[in-house]
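These are the residues of each chain, in order.
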Amino acid sequence: MKAMHAQGDLPIPGIHHIDQPYWFDEGGDLSPEDFGLATARKLEEAIDQIGEDKVAAFMAEPIQGAGGVIIPPESYWPEIKRILAERDILLVADEVISGFGRLGEWFGSTVYDIEPDLIAVAKGMTSGYLPMGGVLVHDRVADVLQHEGGEFFHGYTYSGHPACAAAAIANLQIMQEEGVVEHVRDVAAPRFADMFASFADHPLVGEARTKGLLGAIELVPSKPGRERFADYGAVGTLCRDIAFETGLVMRAVRDSMILSPPLVITPDELEWMGSTVGKVLDKTGAELKRRGLW
Amino acid sequence: MSELSNQHPTDALQALDASHHLHPFTDHGSLRQEGSRVIVKGEGVWLTDSDGNRIMDGMAGLWNVQIGHGRGEIADAVAAQMRELSYYNTFFKTTHPPVIALSEMIAKLAPEPYNQMFYVSSGSEANDTDPAAGALPIGTSKASRRRRPSSPAGTPITARRSPAPVLAA
(Lines give C-alpha, C1' and ligand atoms only; values in the text may rest on other atoms or scores of the structure.)
Protein backbone atom coordinates (compact mmCIF):
# COMPACT_ATOMS: atom_id res chain seq x y z
CA MET A 1 0.00 0.00 0.00
CA LYS A 2 2.98 2.31 0.49
CA ALA A 3 3.54 2.36 -3.28
CA MET A 4 -0.11 3.32 -3.84
CA HIS A 5 0.16 6.13 -1.31
CA ALA A 6 3.33 7.48 -2.86
CA GLN A 7 1.91 7.48 -6.39
CA GLY A 8 -1.46 8.91 -5.41
CA ASP A 9 -0.09 11.56 -3.03
CA LEU A 10 -1.90 9.78 -0.22
CA PRO A 11 -2.92 9.67 2.52
CA ILE A 12 -5.13 12.69 2.15
CA PRO A 13 -5.42 15.08 5.09
CA GLY A 14 -7.85 14.02 7.75
CA ILE A 15 -7.05 10.30 7.48
CA HIS A 16 -4.69 8.94 10.11
CA HIS A 17 -3.23 5.44 9.87
CA ILE A 18 -2.21 3.08 12.62
CA ASP A 19 -0.14 -0.11 12.47
CA GLN A 20 -1.68 -3.28 11.12
CA PRO A 21 -2.00 -6.45 13.24
CA TYR A 22 0.45 -8.40 11.04
CA TRP A 23 2.17 -10.63 13.56
CA PHE A 24 4.23 -12.68 11.11
CA ASP A 25 6.16 -9.70 9.74
CA GLU A 26 5.88 -7.16 12.51
CA GLY A 27 5.27 -9.07 15.73
CA GLY A 28 8.92 -9.30 16.78
CA ASP A 29 9.38 -11.28 19.97
CA LEU A 30 5.82 -10.77 21.17
CA SER A 31 3.35 -13.64 21.22
CA PRO A 32 0.52 -13.19 18.70
CA GLU A 33 -1.86 -12.43 21.58
CA ASP A 34 0.37 -9.75 23.10
CA PHE A 35 1.06 -8.30 19.67
CA GLY A 36 -2.68 -8.14 18.95
CA LEU A 37 -3.20 -6.14 22.13
CA ALA A 38 -0.22 -3.88 21.47
CA THR A 39 -1.38 -3.14 17.92
CA ALA A 40 -4.94 -2.43 19.04
CA ARG A 41 -3.59 -0.02 21.63
CA LYS A 42 -2.00 2.00 18.81
CA LEU A 43 -5.58 3.06 18.16
CA GLU A 44 -5.90 4.28 21.72
CA GLU A 45 -2.64 6.21 21.42
CA ALA A 46 -3.68 7.76 18.11
CA ILE A 47 -7.05 8.85 19.44
CA ASP A 48 -5.48 10.37 22.54
CA GLN A 49 -2.91 12.17 20.40
CA ILE A 50 -5.41 13.52 17.85
CA GLY A 51 -8.06 14.31 20.45
CA GLU A 52 -11.11 12.20 21.12
CA ASP A 53 -13.41 15.01 19.99
CA LYS A 54 -11.76 15.16 16.56
CA VAL A 55 -12.06 11.49 15.58
CA ALA A 56 -15.13 10.49 13.57
CA ALA A 57 -14.55 6.80 13.07
CA PHE A 58 -12.17 3.87 12.90
CA MET A 59 -12.24 1.97 9.60
CA ALA A 60 -10.80 -1.51 9.16
CA GLU A 61 -11.41 -4.87 7.55
CA PRO A 62 -12.18 -7.73 9.94
CA ILE A 63 -9.32 -9.50 8.12
CA GLN A 64 -7.14 -7.48 5.77
CA GLY A 65 -7.54 -9.04 2.33
CA ALA A 66 -5.49 -7.37 -0.38
CA GLY A 67 -2.97 -6.38 2.31
CA GLY A 68 -2.05 -10.08 2.47
CA VAL A 69 -4.84 -11.95 4.31
CA ILE A 70 -3.72 -10.54 7.62
CA ILE A 71 -5.77 -12.47 10.16
CA PRO A 72 -5.56 -10.49 13.40
CA PRO A 73 -4.66 -12.29 16.62
CA GLU A 74 -7.77 -13.22 18.62
CA SER A 75 -6.95 -10.50 21.15
CA TYR A 76 -7.16 -7.70 18.55
CA TRP A 77 -10.86 -7.07 17.94
CA PRO A 78 -12.01 -7.31 21.57
CA GLU A 79 -9.45 -4.65 22.48
CA ILE A 80 -10.48 -2.41 19.54
CA LYS A 81 -14.08 -2.76 20.71
CA ARG A 82 -13.15 -1.71 24.23
CA ILE A 83 -11.20 1.33 23.04
CA LEU A 84 -13.97 2.56 20.72
CA ALA A 85 -16.73 1.95 23.25
CA GLU A 86 -14.91 3.86 25.97
CA ARG A 87 -14.52 6.84 23.64
CA ASP A 88 -17.84 6.59 21.82
CA ILE A 89 -16.20 6.51 18.37
CA LEU A 90 -17.88 4.98 15.34
CA LEU A 91 -16.62 1.73 13.84
CA VAL A 92 -16.72 1.19 10.08
CA ALA A 93 -16.10 -2.37 8.92
CA ASP A 94 -14.89 -2.90 5.38
CA GLU A 95 -16.57 -6.22 4.57
CA VAL A 96 -16.01 -5.97 0.84
CA ILE A 97 -14.15 -9.29 1.04
CA SER A 98 -15.49 -10.83 4.27
CA GLY A 99 -19.14 -10.07 3.48
CA PHE A 100 -21.48 -12.66 1.97
CA GLY A 101 -20.11 -15.88 3.33
CA ARG A 102 -16.36 -15.97 2.90
CA LEU A 103 -15.67 -16.56 6.59
CA GLY A 104 -18.46 -19.14 7.01
CA GLU A 105 -21.07 -16.67 8.23
CA TRP A 106 -22.97 -14.15 6.14
CA PHE A 107 -20.87 -11.31 7.58
CA GLY A 108 -17.40 -11.18 9.12
CA SER A 109 -18.64 -8.82 11.80
CA THR A 110 -20.53 -11.62 13.50
CA VAL A 111 -17.49 -13.90 13.22
CA TYR A 112 -15.50 -11.33 15.22
CA ASP A 113 -18.45 -10.27 17.39
CA ILE A 114 -18.24 -6.62 16.38
CA GLU A 115 -21.22 -4.34 15.78
CA PRO A 116 -19.98 -1.69 13.33
CA ASP A 117 -21.93 1.49 12.69
CA LEU A 118 -21.40 1.06 8.95
CA ILE A 119 -20.53 -2.04 6.94
CA ALA A 120 -19.14 -1.60 3.43
CA VAL A 121 -20.04 -4.50 1.12
CA ALA A 122 -19.63 -5.33 -2.58
CA LYS A 123 -17.93 -8.27 -4.34
CA GLY A 124 -19.84 -11.37 -3.11
CA MET A 125 -23.14 -9.49 -3.16
CA THR A 126 -23.45 -10.22 -6.91
CA SER A 127 -20.69 -12.88 -7.10
CA GLY A 128 -19.12 -10.44 -9.56
CA TYR A 129 -21.73 -11.08 -12.28
CA LEU A 130 -22.35 -7.34 -12.34
CA PRO A 131 -20.70 -4.58 -10.31
CA MET A 132 -22.59 -3.56 -7.19
CA GLY A 133 -21.79 -2.60 -3.63
CA GLY A 134 -23.34 -0.85 -0.72
CA VAL A 135 -23.13 0.39 2.82
CA LEU A 136 -25.20 -1.39 5.43
CA VAL A 137 -26.20 1.16 8.00
CA HIS A 138 -26.77 0.30 11.66
CA ASP A 139 -30.18 1.38 12.94
CA ARG A 140 -28.61 3.82 15.39
CA VAL A 141 -26.92 5.66 12.49
CA ALA A 142 -29.89 5.33 10.16
CA ASP A 143 -32.10 6.94 12.80
CA VAL A 144 -29.89 10.01 12.84
CA LEU A 145 -29.81 10.19 9.03
CA GLN A 146 -33.58 9.90 8.97
CA HIS A 147 -34.53 12.23 11.79
CA GLU A 148 -31.73 14.76 12.05
CA GLY A 149 -29.55 14.49 8.95
CA GLY A 150 -31.45 16.62 6.45
CA GLU A 151 -30.40 16.10 2.85
CA PHE A 152 -27.59 13.58 2.34
CA PHE A 153 -25.47 15.09 -0.44
CA HIS A 154 -24.00 11.88 -1.74
CA GLY A 155 -24.84 9.23 -4.34
CA TYR A 156 -23.95 7.71 -7.67
CA THR A 157 -25.58 7.41 -11.09
CA TYR A 158 -25.67 3.65 -10.61
CA SER A 159 -26.81 3.55 -6.98
CA GLY A 160 -29.27 0.65 -6.93
CA HIS A 161 -28.95 -0.16 -10.66
CA PRO A 162 -31.91 -2.43 -11.54
CA ALA A 163 -29.97 -5.00 -13.57
CA CYS A 164 -27.26 -5.23 -10.89
CA ALA A 165 -29.96 -5.57 -8.24
CA ALA A 166 -31.49 -8.42 -10.27
CA ALA A 167 -28.08 -10.12 -10.40
CA ALA A 168 -27.66 -9.67 -6.65
CA ILE A 169 -31.09 -11.12 -5.91
CA ALA A 170 -30.46 -14.16 -8.14
CA ASN A 171 -27.04 -14.64 -6.56
CA LEU A 172 -28.32 -14.42 -2.99
CA GLN A 173 -31.19 -16.78 -3.84
CA ILE A 174 -28.68 -19.35 -5.10
CA MET A 175 -26.57 -18.88 -1.97
CA GLN A 176 -29.60 -19.42 0.27
CA GLU A 177 -31.21 -22.28 -1.64
CA GLU A 178 -27.95 -24.18 -2.04
CA GLY A 179 -26.72 -23.49 1.49
CA VAL A 180 -23.48 -21.97 0.25
CA VAL A 181 -22.58 -20.31 3.56
CA GLU A 182 -23.24 -23.54 5.48
CA HIS A 183 -21.09 -25.36 2.90
CA VAL A 184 -18.22 -22.98 3.69
CA ARG A 185 -18.67 -23.40 7.44
CA ASP A 186 -19.19 -27.16 7.58
CA VAL A 187 -17.45 -28.61 4.52
CA ALA A 188 -15.04 -26.34 2.67
CA ALA A 189 -13.39 -24.25 5.41
CA PRO A 190 -12.40 -27.21 7.65
CA ARG A 191 -10.81 -28.99 4.67
CA PHE A 192 -9.14 -25.75 3.57
CA ALA A 193 -7.68 -25.34 7.07
CA ASP A 194 -6.38 -28.94 7.11
CA MET A 195 -4.81 -28.40 3.70
CA PHE A 196 -3.01 -25.27 4.89
CA ALA A 197 -1.81 -27.08 8.00
CA SER A 198 -0.14 -29.58 5.68
CA PHE A 199 1.57 -26.77 3.70
CA ALA A 200 3.24 -25.62 6.92
CA ASP A 201 5.57 -28.64 6.75
CA HIS A 202 7.08 -27.49 3.46
CA PRO A 203 10.62 -26.09 3.89
CA LEU A 204 9.68 -22.85 2.02
CA VAL A 205 6.72 -22.11 4.28
CA GLY A 206 7.07 -19.99 7.42
CA GLU A 207 3.36 -19.90 8.22
CA ALA A 208 0.16 -21.09 6.56
CA ARG A 209 -2.99 -19.53 8.00
CA THR A 210 -6.69 -19.59 7.15
CA LYS A 211 -10.00 -18.24 8.32
CA GLY A 212 -13.03 -19.46 6.45
CA LEU A 213 -12.05 -19.61 2.78
CA LEU A 214 -9.28 -17.03 3.05
CA GLY A 215 -5.75 -18.36 3.22
CA ALA A 216 -2.16 -17.13 3.11
CA ILE A 217 1.16 -18.93 2.87
CA GLU A 218 4.28 -17.05 3.96
CA LEU A 219 7.31 -17.94 1.84
CA VAL A 220 10.58 -17.80 3.78
CA PRO A 221 14.17 -19.00 3.33
CA SER A 222 14.20 -20.74 6.72
CA LYS A 223 11.53 -21.58 9.23
CA PRO A 224 12.54 -20.23 12.62
CA GLY A 225 12.81 -16.49 13.09
CA ARG A 226 10.33 -15.51 10.37
CA GLU A 227 13.10 -14.16 8.15
CA ARG A 228 12.41 -12.97 4.62
CA PHE A 229 14.19 -13.45 1.32
CA ALA A 230 16.56 -10.57 0.55
CA ASP A 231 14.59 -9.41 -2.49
CA TYR A 232 11.27 -9.23 -0.62
CA GLY A 233 8.38 -9.76 -3.03
CA ALA A 234 10.33 -11.40 -5.86
CA VAL A 235 9.80 -14.96 -4.61
CA GLY A 236 6.06 -14.39 -4.34
CA THR A 237 5.91 -13.17 -7.93
CA LEU A 238 7.91 -16.19 -9.09
CA CYS A 239 5.63 -18.55 -7.16
CA ARG A 240 2.52 -16.88 -8.60
CA ASP A 241 3.79 -17.28 -12.17
CA ILE A 242 4.62 -20.95 -11.50
CA ALA A 243 1.14 -21.47 -10.01
CA PHE A 244 -0.49 -20.03 -13.15
CA GLU A 245 1.63 -22.30 -15.36
CA THR A 246 0.65 -25.26 -13.16
CA GLY A 247 -3.05 -24.51 -13.60
CA LEU A 248 -3.92 -22.60 -10.43
CA VAL A 249 -4.55 -18.88 -9.94
CA MET A 250 -2.93 -17.70 -6.72
CA ARG A 251 -2.22 -14.09 -5.84
CA ALA A 252 1.11 -12.90 -4.49
CA VAL A 253 1.14 -10.08 -1.94
CA ARG A 254 4.86 -9.52 -1.43
CA ASP A 255 6.01 -13.05 -0.46
CA SER A 256 2.59 -14.13 0.84
CA MET A 257 0.68 -16.49 -1.45
CA ILE A 258 -3.05 -15.94 -1.24
CA LEU A 259 -5.97 -18.27 -1.92
CA SER A 260 -9.62 -17.23 -1.78
CA PRO A 261 -11.56 -19.70 -3.94
CA PRO A 262 -15.23 -19.63 -4.94
CA LEU A 263 -17.33 -20.61 -1.92
CA VAL A 264 -18.92 -23.50 -3.83
CA ILE A 265 -15.60 -25.33 -4.18
CA THR A 266 -16.12 -29.08 -3.65
CA PRO A 267 -14.01 -31.46 -1.54
CA ASP A 268 -12.58 -33.00 -4.75
CA GLU A 269 -11.64 -29.60 -6.08
CA LEU A 270 -10.06 -28.70 -2.75
CA GLU A 271 -8.02 -31.88 -2.90
CA TRP A 272 -6.84 -30.93 -6.39
CA MET A 273 -5.98 -27.46 -5.12
CA GLY A 274 -3.97 -28.90 -2.22
CA SER A 275 -1.90 -31.25 -4.35
CA THR A 276 -1.32 -28.48 -6.91
CA VAL A 277 -0.11 -26.03 -4.26
CA GLY A 278 2.32 -28.74 -3.11
CA LYS A 279 3.69 -29.03 -6.65
CA VAL A 280 3.88 -25.24 -6.99
CA LEU A 281 5.90 -24.95 -3.77
CA ASP A 282 8.26 -27.73 -4.92
CA LYS A 283 8.74 -26.09 -8.32
CA THR A 284 9.31 -22.70 -6.70
CA GLY A 285 11.94 -24.19 -4.38
CA ALA A 286 13.66 -25.92 -7.30
CA GLU A 287 13.72 -22.72 -9.34
CA LEU A 288 15.11 -20.71 -6.41
CA LYS A 289 17.89 -23.30 -6.01
CA ARG A 290 18.58 -23.21 -9.74
CA ARG A 291 19.00 -19.45 -9.50
CA GLY A 292 21.19 -19.75 -6.43
CA LEU A 293 18.71 -17.82 -4.29
CA TRP A 294 17.94 -20.56 -1.78
CA MET B 1 -22.65 -21.90 -29.99
CA SER B 2 -19.24 -23.51 -29.98
CA GLU B 3 -17.52 -24.41 -26.73
CA LEU B 4 -15.53 -21.17 -26.91
CA SER B 5 -17.11 -18.21 -28.59
CA ASN B 6 -13.66 -16.64 -28.98
CA GLN B 7 -11.97 -18.24 -31.98
CA HIS B 8 -9.23 -15.69 -32.51
CA PRO B 9 -5.62 -16.80 -32.22
CA THR B 10 -4.05 -15.92 -28.89
CA ASP B 11 -1.19 -13.87 -30.32
CA ALA B 12 -3.57 -11.65 -32.32
CA LEU B 13 -5.65 -10.99 -29.18
CA GLN B 14 -2.54 -10.25 -27.15
CA ALA B 15 -1.29 -7.80 -29.77
CA LEU B 16 -4.62 -5.98 -29.85
CA ASP B 17 -4.81 -5.92 -26.06
CA ALA B 18 -1.33 -4.40 -25.92
CA SER B 19 -2.29 -1.79 -28.53
CA HIS B 20 -5.31 -0.29 -26.80
CA HIS B 21 -5.87 -1.60 -23.27
CA LEU B 22 -4.29 -0.12 -20.14
CA HIS B 23 -4.63 -2.66 -17.32
CA PRO B 24 -5.12 -1.75 -13.64
CA PHE B 25 -2.22 -2.23 -11.19
CA THR B 26 0.13 -3.12 -14.01
CA ASP B 27 3.58 -2.24 -15.32
CA HIS B 28 2.39 -1.65 -18.87
CA GLY B 29 5.82 -1.98 -20.45
CA SER B 30 6.56 -5.41 -19.05
CA LEU B 31 3.02 -6.76 -19.54
CA ARG B 32 3.07 -5.75 -23.19
CA GLN B 33 6.36 -7.55 -23.71
CA GLU B 34 5.09 -10.67 -22.01
CA GLY B 35 1.53 -10.68 -23.39
CA SER B 36 -1.66 -10.98 -21.34
CA ARG B 37 -3.25 -14.34 -20.67
CA VAL B 38 -6.62 -14.29 -22.42
CA ILE B 39 -9.41 -15.80 -20.31
CA VAL B 40 -12.33 -16.88 -22.49
CA LYS B 41 -14.62 -19.00 -20.34
CA GLY B 42 -15.56 -19.66 -16.74
CA GLU B 43 -17.48 -22.55 -15.24
CA GLY B 44 -17.70 -23.24 -11.52
CA VAL B 45 -14.21 -22.88 -10.08
CA TRP B 46 -12.55 -23.33 -13.49
CA LEU B 47 -11.36 -20.86 -16.09
CA THR B 48 -10.32 -21.62 -19.66
CA ASP B 49 -7.75 -19.55 -21.53
CA SER B 50 -7.56 -18.90 -25.28
CA ASP B 51 -5.14 -21.80 -25.73
CA GLY B 52 -7.63 -24.18 -24.14
CA ASN B 53 -5.82 -24.52 -20.79
CA ARG B 54 -8.03 -25.17 -17.77
CA ILE B 55 -7.00 -23.16 -14.73
CA MET B 56 -8.52 -23.32 -11.24
CA ASP B 57 -9.64 -19.88 -10.08
CA GLY B 58 -8.07 -19.95 -6.63
CA MET B 59 -8.88 -16.26 -6.11
CA ALA B 60 -12.58 -16.40 -7.09
CA GLY B 61 -11.86 -13.67 -9.61
CA LEU B 62 -10.87 -10.89 -7.23
CA TRP B 63 -12.31 -12.43 -4.04
CA ASN B 64 -15.83 -12.02 -5.42
CA VAL B 65 -17.15 -15.04 -7.34
CA GLN B 66 -18.87 -16.77 -4.41
CA ILE B 67 -21.14 -19.08 -6.43
CA GLY B 68 -18.60 -19.86 -9.15
CA HIS B 69 -18.57 -18.84 -12.78
CA GLY B 70 -21.15 -19.33 -15.49
CA ARG B 71 -24.45 -19.71 -13.63
CA GLY B 72 -27.21 -19.32 -16.20
CA GLU B 73 -29.82 -18.31 -13.59
CA ILE B 74 -28.03 -15.00 -13.10
CA ALA B 75 -27.82 -14.36 -16.82
CA ASP B 76 -31.55 -15.11 -17.15
CA ALA B 77 -32.51 -12.86 -14.24
CA VAL B 78 -30.43 -9.97 -15.59
CA ALA B 79 -31.75 -10.39 -19.14
CA ALA B 80 -35.35 -10.42 -17.90
CA GLN B 81 -34.76 -7.28 -15.82
CA MET B 82 -33.06 -5.50 -18.71
CA ARG B 83 -36.04 -6.17 -20.94
CA GLU B 84 -38.37 -4.78 -18.28
CA LEU B 85 -36.39 -1.79 -16.98
CA SER B 86 -32.71 -1.62 -17.91
CA TYR B 87 -31.94 1.54 -15.97
CA TYR B 88 -33.53 4.17 -13.88
CA ASN B 89 -32.03 6.31 -11.14
CA THR B 90 -33.02 6.46 -7.49
CA PHE B 91 -32.45 10.23 -7.18
CA PHE B 92 -35.76 11.78 -8.25
CA LYS B 93 -37.88 10.46 -5.36
CA THR B 94 -37.94 7.29 -7.52
CA THR B 95 -37.31 3.62 -6.88
CA HIS B 96 -37.94 0.30 -8.65
CA PRO B 97 -38.94 -3.28 -7.75
CA PRO B 98 -35.52 -4.99 -7.89
CA VAL B 99 -33.83 -2.53 -5.54
CA ILE B 100 -36.80 -2.76 -3.17
CA ALA B 101 -36.64 -6.55 -3.16
CA LEU B 102 -32.86 -6.62 -2.74
CA SER B 103 -32.93 -4.18 0.17
CA GLU B 104 -35.44 -6.33 2.02
CA MET B 105 -33.42 -9.45 1.28
CA ILE B 106 -30.18 -7.98 2.61
CA ALA B 107 -31.88 -6.59 5.69
CA LYS B 108 -33.09 -10.13 6.45
CA LEU B 109 -29.67 -11.69 5.84
CA ALA B 110 -27.81 -9.09 7.89
CA PRO B 111 -27.63 -9.25 11.69
CA GLU B 112 -30.52 -7.57 13.50
CA PRO B 113 -29.54 -3.92 13.89
CA TYR B 114 -28.81 -3.48 10.15
CA ASN B 115 -31.97 -2.66 8.24
CA GLN B 116 -30.89 0.07 5.82
CA MET B 117 -28.80 -0.12 2.68
CA PHE B 118 -27.14 2.63 0.61
CA TYR B 119 -26.11 1.45 -2.87
CA VAL B 120 -22.93 1.98 -4.84
CA SER B 121 -21.18 0.19 -7.69
CA SER B 122 -18.09 -1.19 -5.96
CA GLY B 123 -16.26 -1.61 -2.69
CA SER B 124 -14.19 1.46 -3.51
CA GLU B 125 -17.34 3.56 -3.71
CA ALA B 126 -18.66 1.92 -0.55
CA ASN B 127 -15.57 3.07 1.31
CA ASP B 128 -15.89 6.53 -0.21
CA THR B 129 -19.41 6.61 1.20
CA ASP B 130 -18.38 5.58 4.73
CA PRO B 131 -16.83 8.87 5.86
CA ALA B 132 -19.79 10.86 4.53
CA ALA B 133 -22.33 8.62 6.19
CA GLY B 134 -20.34 8.42 9.41
CA ALA B 135 -19.52 12.10 9.68
CA LEU B 136 -23.10 13.21 9.27
CA PRO B 137 -24.57 11.46 12.30
CA ILE B 138 -21.62 12.27 14.49
CA GLY B 139 -21.77 15.90 13.42
CA THR B 140 -25.50 16.35 13.77
CA SER B 141 -26.80 14.18 16.55
CA LYS B 142 -26.67 15.46 20.06
CA ALA B 143 -29.20 12.97 21.28
CA SER B 144 -27.46 9.76 20.32
CA ARG B 145 -23.83 10.74 20.86
CA ARG B 146 -22.44 12.02 24.10
CA ARG B 147 -20.35 14.76 22.47
CA ARG B 148 -19.79 16.46 19.16
CA PRO B 149 -16.49 16.69 17.33
CA SER B 150 -15.02 20.14 16.82
CA SER B 151 -15.11 19.68 13.06
CA PRO B 152 -18.13 18.11 11.38
CA ALA B 153 -16.09 15.57 9.48
CA GLY B 154 -13.76 14.49 12.26
CA THR B 155 -10.76 12.30 11.46
CA PRO B 156 -11.27 8.72 10.40
CA ILE B 157 -8.51 6.43 11.57
CA THR B 158 -7.70 3.37 9.50
CA ALA B 159 -5.44 0.42 10.07
CA ARG B 160 -2.26 1.08 8.13
CA ARG B 161 -1.93 -0.67 4.82
CA SER B 162 -5.47 -1.86 4.94
CA PRO B 163 -6.75 -2.09 1.36
CA ALA B 164 -6.82 0.74 -1.10
CA PRO B 165 -10.49 1.65 -0.79
CA VAL B 166 -10.17 2.49 2.90
CA LEU B 167 -7.07 4.54 2.35
CA ALA B 168 -8.59 6.34 -0.59
CA ALA B 169 -11.46 7.49 1.57
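Everything numeric here is computed off the predicted structure, so don't read it as measured data.

Focus on the sheet that holds strand β9 (residues 256-259) of chain A
Residue and element names in this part refer to chain A.
And then number 1: Sheet architecture is open: four strands sit in the order β6-β7-β9-β8, paired in antiparallel fashion. Bordering the open sheet on either side are β6 (205-211) and β8 (251-253), each of which pairs with just one other strand. Within this sheet the neighbouring strands show an average axis-to-axis angle of 20 degrees, counted without direction.

Quick notes on the side chain of S109(A)
All names here are of chain A.
And then number 1: One can find S109 in helix α5 (residues 108-111).
And then number 2: Judged by relative accessible area, S109 falls into the buried class, the value being 1%.
And then number 3: When neighbours within four sequence positions are excluded, S109 is seen to be in contact with A93, E95, I114, P116 and I119.

Here's the deal with the confidence of the model for chain B
Residue and element names in this part refer to chain B.
And then number 1: Residues at a pLDDT of 70 or more form 77% of chain B, whose mean pLDDT is 83.
And then number 2: Within the model, pLDDT remains below 50 along residues 160-169, and this stretch shows 44 contacts once partners closer than five positions in the same chain are excluded.
And then number 3: Overall fold confidence for the complex sits at a pTM of 0.92, while the interface term, ipTM, reaches 0.96.

So, the pattern of salt bridges
Residues and elements named next belong to chain A.
And then number 1: Throughout the structure, instances matching the rule amount to 26 salt bridges over all chains.
And then number 2: The partner of K54 in a salt bridge is D53, and the shortest N-O contact between them spans 3.9 Å.
And then number 3: Of the residues examined, K54 reaches a relative accessible area of 36% and is grouped as partly exposed.
And then number 4: Several salt bridges share partner residues, and in doing so they unite R41, E44, D48, E79, R82, E86 and R87 into one network.

Points about the pairing of strand β4 (residues 114-120) of chain B
And then number 1: β4(B) sits mainly inside the fold: five of its seven residues count as buried.
And then number 2: Of the strand pairs in this sheet, strand β5 (residues 133-138) of chain A and β4(B) are connected by six bridges, and their pairing is antiparallel. When the sheet's bridge partners are listed, V135(A) is paired in β4(B) with F118(B).

Topic: the side chain of H202(A)
All names here are of chain A.
And then number 1: Summarising the element assignment, H202 is placed in the loop between α8 (180-199) and β6.
And then number 2: Within the local environment of H202, its side chain forms a polar contact with the side chain of D282, the two groups lying 2.8 Å apart.
And then number 3: If near-sequence neighbours (up to four positions away) are discounted, H202 is found in contact with K223, L281 and D282.

As for the interface of chain B and chain A
Quite often, the size of an interface is put as the accessible area lost when its parts meet.
And then number 1: Taken together, the contact pairs 95 residues of chain B with 123 residues of chain A.
And then number 2: Between chain B and chain A the total buried area reaches about 9,800 Å² when both faces are included, carbon and sulfur atoms providing 66% of it.
And then number 3: Our count for the chain B to chain A interface comes out at two salt bridges.
And then number 4: A salt bridge links R37(B) to E245(A); its shortest N-O distance comes to 3.2 Å.
And then number 5: Our count for the chain B to chain A interface comes out at 29 residue pairs in polar contact (both at pLDDT 80 or more).
And then number 6: It is helix α6 (residues 123-140) of chain B that provides the largest number of residues to the side of chain B that touches chain A, a total of 14 residues.
And then number 7: Here the side of chain B that touches chain A is composed, by residue class, of 53 nonpolar, 26 polar and 16 charged.

Details of the nonpolar core
And then number 1: Counting residues in each nonpolar core, the largest one holds 67 residues, and the members touching the most others are M125(A), L172(A), I217(A), M273(A), V277(A), L102(B) and I106(B).
And then number 2: Per element, the largest residue contribution to this core is 10 residues, and it comes from helix α7 (residues 162-177) of chain A.
And then number 3: Membership of the second largest hydrophobic core comes to 32 residues, among which are A40(A), A46(A), Y76(A) and W77(A).

A word on a nonpolar patch on the surface
And then number 1: Where nonpolar side chains cluster on the molecular surface, the patch consists of Y88(B), F91(B) and F92(B) and spans about 340 Å² of accessible area.
And then number 2: Of the residues examined, F92(B) reaches a relative accessible area of 57% and is grouped as exposed.

Let's talk about the layout of surface pockets
And then number 1: Considered as a void within the structure, the second largest pocket measures approximately 810 Å³ in volume.
And then number 2: Along the walls of the second largest pocket sit 28 residues, with F152(A), H154(A), T90(B), M117(B) and F118(B) positioned nearest its centre.
And then number 3: A per-class count over the lining of the second largest pocket returns 15 nonpolar, 12 polar and one charged.

Let's talk about the sheet that holds strand β2 (residues 46-49) of chain B
Residue and element names in this part refer to chain B.
And then number 1: The strand order across the open sheet formed by three strands is β1-β2-β3, and the pairing between neighbours is antiparallel. Each of the sheet's edge strands pairs with one partner strand only, and the pair in question is β1 (39-43) and β3 (54-56). Within the sheet, the average angular offset between the axes of one strand and its neighbour, ignoring direction, is 30 degrees.
And then number 2: Sheet analysis places β1 next to β2, joined by four bridges and oriented antiparallel. Bridged to E43 within β2 is W46.

Reading guide: rules and limits
Residues numbered from 1 in each chain as written. Chains lettered and ligands numbered in written order. Predicted model: local features only at pLDDT ≥ 70, side-chain atom pairs only at ≥ 80, totals over all residues. Heavy atoms only, no water. Pairing = 2+ DSSP bridges. Helix = DSSP H or I, 4+ residues; strand = E, 2+ residues; numbered from the N terminus. Axes fitted to C-alpha atoms, helices over the stretch in contact; angles between N-to-C directions. Buried < 20%, exposed > 50% of the residue type's maximum accessible area, 1.4 Å probe, protein only. Contact = heavy atoms within 4.5 Å. pLDDT = per-residue confidence, 0-100. Salt bridge = Lys/Arg side-chain N within 4 Å of Asp/Glu carboxyl O. Polar contact = N/O pair within 3.5 Å; in protein donor to acceptor, adjacent residues only side chain to side chain. Buried area = accessible area lost by both parts, 1.4 Å probe. Nonpolar A, V, L, I, M, F, W, Y, C, P; charged D, E, K, R; others polar. Core = buried A, V, L, I, M, F, W, Y, C linked by side-chain atoms within 4.5 Å. Patch = residues over 30% accessible without salt bridge, like charges linked within 9 Å, V, L, I, M, F, W, Y side chains within 5 Å. Areas by Shrake-Rupley, 256 points an atom, 1.4 Å probe, with all protein chains shown as cover. 1 Å grid on protein atoms, 1.4 Å probe; cavity = no way out; pocket = protein on both sides within 12 Å on 5 of 7 lines; lining within 4 Å. Points joined across faces, edges and corners; volume = space filled by probe spheres on them.

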